[in-house]
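Structural overview for review
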Amino acid sequence: MYPILSLFGFSFGTYGICCVIGGAFAIWLAIRNGKRFQQDQFAMLEACVWALIGGFLGAKLLYLLVSFSDIVEMFQTSGFNWNTISSLLEGGFVFYGGLLGGLAALLLYLHHFQLPYGVYLSSITPAVPLAHACGRIGCFFAGCCYGRETDSWFSITFTHSDFAPNGVKLLPTQLMSSAGDFLICGLLLLYAGRKPKEGQVAAGYMVLYGIGRFIIEFFRNDYRGSIGVLSTSQIISIGVVAAGVVFYLVMNRRERSVGN
């Protein structure tokens, strides 16, 4: 597709542009949601920035862990120099690492400033799949996170990708994932409008995304690590769904106890 865009004589990675756009939309949505709870807009902005930084670091860290053997081989082949380090820093992110890192950073921020966990989670959670959906569009342009070979009309053939095999019809799993994330964002906004119990919007996201990610993994064909017949992401998905269900039930029981 178009991994690089040239504007005004400068070249930009399409993936990076989509991530920046997604982050901007996510912050806008979180601040908009926060207004419904009479939350300070600057505090919401700060919380989002903390979450984005934590998400970036977490996504990179999990990538390094999952791809450790490949990274070692790359350094052995190309040597320890600026080109290999730059290549390592520019590419390679794992979303689940970003999700966990972003959540950890957000909770640290809320704890430090003694802000209401439930309100901020309910405001920020729907913004997460919105940002992710934009990021997956970036994946589509770059050709990473590609799907399996297919003879179906529902396919994409890359010609200039550094990640996907070029000249082969592949399932557009990036767009499939993006559509699913947009759908999850819409469902969470509708659910949040019904004023659910504290923390249940976040629990709903964990369940919906975990199920969706588990399914989409069967259609992907890029290397993501594996444990037996399941990919690393599918193993994590099972844990995320289970944690989401438990979190939902715990918050539901907690609200009943407070009400009584």
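Read on for an overview of the structure. (Residues numbered from 1 in each chain as written. Predicted model: local features only at pLDDT ≥ 70, side-chain atom pairs only at ≥ 80, totals over all residues. Heavy atoms only, no water.)

1. Quick word on the nonpolar core
Where a protein is soluble and globular, its nonpolar side chains tend to be buried together. Counting residues in each nonpolar core, the largest one holds 20 residues, and the members touching the most others are Leu-106, Tyr-120 and Ile-124. Mapped by element, the contributors of at least two residues to this core are α1 (14–36), α2 (41–66), α5 (95–112), α6 (117–124) and α7 (127–142). Contact partners of Tyr-120, with chain neighbours within four places excluded, come to Gln-39, Asp-40, Ala-43, Met-44, Ala-47, Leu-110 and Leu-115. Counting residues in each nonpolar core, the second largest holds 12 residues, with Val-94, Phe-95, Leu-188 and Val-201 among its members. (Core = buried A, V, L, I, M, F, W, Y, C linked by side-chain atoms within 4.5 Å. Buried < 20%, exposed > 50% of the residue type's maximum accessible area, 1.4 Å probe, protein only. Helix = DSSP H or I, 4+ residues; strand = E, 2+ residues; numbered from the N terminus. Contact = heavy atoms within 4.5 Å.)

2. Remarks on the packing of aromatic side chains
In this structure the tally under the stated criterion is 10 aromatic pairs. Pairing Phe-214 with Phe-218 gives two aromatic rings, centres 5.5 Å apart and planes at 85°, and the pair type is edge-to-face. Owing to a relative accessible area of 24%, Phe-214 belongs among the partly exposed residues under this scheme. Three or more aromatic residues link up through ring pairs in this structure, and these residues are Phe-95, Tyr-96, Tyr-205 and Tyr-209. (Phe/Tyr/Trp six-rings, centres within 6.5 Å; stacked < 30°, edge-to-face > 60°.)

3. Quick word on the side chain of Thr-150
Among the secondary structure elements, Thr-150 is positioned in the loop between α7 and β3 (156–157). Only 3.0 Å separates the side chain of Thr-150 from the backbone nitrogen of Ser-152, close enough to count as a polar contact. Sequence-distant contacts of Thr-150, defined by excluding residues within four places in its chain, comprise Ser-155, Lys-169, Leu-170 and Leu-171. (Polar contact = N/O pair within 3.5 Å; in protein donor to acceptor, adjacent residues only side chain to side chain.)

4. Concerning unusual backbone geometry
Of note in the backbone geometry, Gln-114 takes a positive phi value of approximately 55° without being a glycine. Secondary-structure assignment places Gln-114 in the loop between α5 and α6. Non-glycine residue Cys-145 carries a positive phi angle of around 55°.

5. Comments concerning the pairing of strand β1 (residues 4–7)
As judged from the 4 bridges shared by β1 and strand β2 (residues 10–13), these two strands associate in the antiparallel manner. By the bridge assignment, Leu-7 is partnered in β2 with Phe-10. In sequence, β1 turns back onto β2 through a hairpin of 2 residues, with Phe-8 there showing a positive phi of about 55°. (Pairing = 2+ DSSP bridges.)

6. Points about a nonpolar patch on the surface
Judged by side-chain polarity, Tyr-2, Leu-5, Leu-7, Phe-8, Phe-10 and Phe-12 come together as a nonpolar surface patch covering roughly 700 Å² of accessible area. When residues of the nonpolar patch are traced back to their parent elements, those giving at least two are β1 and β2. Looking at the element boundaries, Leu-5 is found in strand β1. (Patch = residues over 30% accessible without salt bridge, like charges linked within 9 Å, V, L, I, M, F, W, Y side chains within 5 Å. Areas by Shrake-Rupley, 256 points an atom, 1.4 Å probe, with all protein chains shown as cover. Salt bridge = Lys/Arg side-chain N within 4 Å of Asp/Glu carboxyl O.)

7. Considerations on α5
For α5, which comprises 18 residues, the first-to-last C-alpha distance of 25 Å matches the rise-based estimate of 26 Å (1.5 Å per residue) to within 8%. All of the buried residues in α5 are Phe-95, Tyr-96, Gly-97, Gly-98, Leu-99, Gly-101, Gly-102, Ala-105, Leu-106, Tyr-109 and Leu-110. Of the residues one or two after α5, Gln-114 is the one with positive phi, at around 55°. (Expected span 1.5 Å × (residues − 1).)

8. A closer look at the side chain of Gln-234
With respect to the helices and strands, Gln-234 occurs in helix α10 (residues 232–259). Gln-234 has contacts with Phe-214, Glu-217, Phe-218 and Val-229, leaving out every residue within four places of it along the chain.

9. Quick word on the pattern of salt bridges
Scanning all chains against the criterion turns up 3 salt bridges. Across the salt bridge formed by Glu-217 and Arg-213, the nearest N and O atoms sit 2.8 Å from each other. On the accessibility criterion, Glu-217 (2% relative accessible area) is buried. A relative accessible area of 5% places Arg-213 in the buried class. The salt bridge partner of Asp-222 is Arg-220, with a shortest N-O separation of 2.7 Å.

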